[in-house]
Amino acid sequence: MWRYRLAFLSLLWTDISYAQDEAKQIIKRAMDNNRGKSSYSIAEMIVHRPDWERKSSIKVWTEGTEKSLVRVIAPAKDAGNGSLLLGDEMWQFNPKVNRVVKLPASMAHQNWMGSDFTNNDMARADDLIDKYNHKLIAQEKHEGKTVYVIESIPHDDAPVVWGKEVIKVRADHVFLQQDFYDQQGNLVKSGVAQDLKIIEGRTIAMVFRMQKKDVPDEWTEFRMKEAKFDIAIPANYFTLANLRNARD
C-alpha cells in the first residue's frame, strides 16, 4: 500500500514540476520574443501625472539575458542619463554630476527616473524567470489566440518587493498584461500591452502602459518607435566607459 502511495506522490510531484517548468518556459519565450538574441530600440516614454506630463526619448540595447544599456537622448536636460545591466549588477550614470553609481540590489525595484517602471523593468532583467515559482492558473482568449494566465510567486529568499505577479502571455509569445501585488495580496499596479504589430517576424506591443490601481490618473507609457532584433552590437557598448561616454 505504501508503495502505491509513494508511486502516486512521485507522479504527482512530476506533474507539478512539469507544470511549473512549462509556465516558466511560457514567460521565458515571451521575454525572448521581446529582445531576441540581441536588440536595439528607440522609444518614447511618457510619465503622466494629474497636474503634469513629461516626455523622454530613449535608446535601448540588449544582448542575451544579462546585458542591457538604456540611454536617454531627449530632452536635452536629461540626455545622457543611462543604466547598464551586467548579470546581477546594475549601474546608473548621471551626466549632471558626471558620476557612475552602482545600484545595490535593494534599488533594482525603485522607480526609474520618476516613472512607473522600475530599474529592473527598464534593464529588461530576467528576475521574473529566475527568482519566482510559476503556476498556470487559467487560459483565456484574445483576438482568437490562447492566452496563458500565470501566477508567479517569488522565492522566499528573493530580493523582490512584490508578494506575487500575475502574467498574461498570448500563444504567440506576447506579454499582454503584468499585474503586481503587494505582500498582503493587494493589486498595486498593472502593465498592459496595446497596439500589437509584427516587426521582423515577431509580434510585439508598440505601446505598454504601467498604471497604478489606486491613482488612475498616474501612469507611464512606453511607446516603441523603432526596433531591430538579432543584430551585431559591439562588445564595448556594454561597458562602464560607454555608459559614461556614449559611442552611439
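The coordinates are above.
The shown structure was predicted, so the numbers you read here are calculated from the model rather than taken from an experiment.

## Section: unusual backbone geometry
Phase 1: Here the bond from alanine 74 into proline 75 is cis, since omega is 0°, no more than 30 degrees from zero.
Phase 2: Within the fold, proline 75 resides in the loop between strand E3 (67–74) and strand E4 (82–86).
Phase 3: Even without being a glycine, aspartate 195 presents a positive backbone phi close to 55°.
Phase 4: With respect to the helices and strands, aspartate 195 occurs in strand E11 (residues 187–199).
Phase 5: Of note in the backbone geometry, glutamate 200 takes a positive phi value of approximately 50° without being a glycine.
Phase 6: Within the secondary structure layout, glutamate 200 lies in the loop between E11 and strand E12 (202–212).

## Topic: the pairing of strand E1 (residues 38–49)
Phase 1: For E1, a buried count of 12 out of 12 residues is recorded, marking the element as mostly surrounded by other parts of the structure.
Phase 2: Side chains Ser38, Tyr40, Ile42, Glu44, Ile46 and His48 project from E1 onto one buried face, and the interleaved Ser39, Ser41, Ala43, Met45, Val47 and Arg49 project onto a second face that is buried too.
Phase 3: Sheet topology note: the E1/strand E2 (residues 52–63) ladder contains 12 bridges and is antiparallel. Directly across from isoleucine 46, in E2, lies its bridge partner lysine 55.
Phase 4: In sequence, E1 turns back onto E2 through a hairpin of 2 residues.
Phase 5: Sheet analysis places E1 next to strand E13 (residues 219–229), joined by 10 bridges and oriented antiparallel. Within E13, the position partnered with serine 39 by the bridge is phenylalanine 229.

## Description of the pairing of E3
Remark: a regular strand shows side chains that alternate across the two faces of the sheet.
Phase 1: When E2 meets E3, the two strands line up antiparallel, connected through 7 bridges. By the bridge assignment, glutamate 63 is partnered in E3 with lysine 67.
Phase 2: With 5 bridges joining them, E3 and E4 adopt antiparallel strand pairing. In the sheet register, leucine 69 faces E4, and the bridge partner there is leucine 84.

## A closer look at the side chain of glutamate 221
Phase 1: By the secondary structure assignment, glutamate 221 is in strand E13.
Phase 2: Given the relative accessible area of 4%, glutamate 221 is considered buried.
Phase 3: A distance of 2.7 Å separates the side chain of glutamate 221 from the side chain of arginine 223, its partner in a polar contact.
Phase 4: Setting aside its immediate chain neighbours within four residues, glutamate 221 contacts Glu44, Met45, Ile46, Gln194, Val207, Phe208 and Arg209.

## Points about the pattern of salt bridges
Any two side chains of opposite charge can pair if their charged atoms end up close together.
Phase 1: In the structure shown here, the tally under the stated rule is 17 salt bridges.
Phase 2: With a closest N to O distance of 2.7 Å, arginine 170 and aspartate 172 form a salt bridge.
Phase 3: For arginine 170, a relative accessible area of 4% translates into the label buried.
Phase 4: Salt-bridge contacts for glutamate 218 lead to lysine 212; the nearest nitrogen and oxygen are separated by 2.9 Å.
Phase 5: Because the salt bridges share partners, they merge into one network encompassing Arg49, Asp116, Lys212 and Glu218.

Calculation rules
The residue count restarts for each chain, going from 1 along the sequence in the order it is written. Selection of residues for local features in this predicted model requires a pLDDT of at least 70, selection of side-chain atom pairs for listing and counting requires 80 or more, and totals for whole chains, interfaces and linings are taken over all residues. By convention in this description, side-chain values take in all heavy atoms of the structure and omit both hydrogens and water. Here a helix means four or more residues in a row that DSSP labels H or I, a strand means two or more in a row labelled E, and each is numbered from the N terminus. The rule is simple: take the accessible area with a 1.4 Å probe, protein chains only, and divide by the maximum for that residue type; under 20% is buried, over 50% is exposed, in between is partly exposed. Strand pairing follows a simple DSSP-based rule, namely that at least 2 bridges must link the two strands. A 3.5 Å cut-off defines polar contacts: any pair of N or O atoms within that distance qualifies, except that in protein one atom must be a possible hydrogen donor and the other a possible acceptor, and neighbouring residues in sequence count only when both atoms are side-chain atoms. Note on contacts: a residue pair is in contact if any heavy atoms of the two residues lie within 4.5 Å. Salt bridge, as used here, is a side-chain nitrogen of Lys or Arg placed within 4 Å of a carboxyl oxygen of Asp or Glu.

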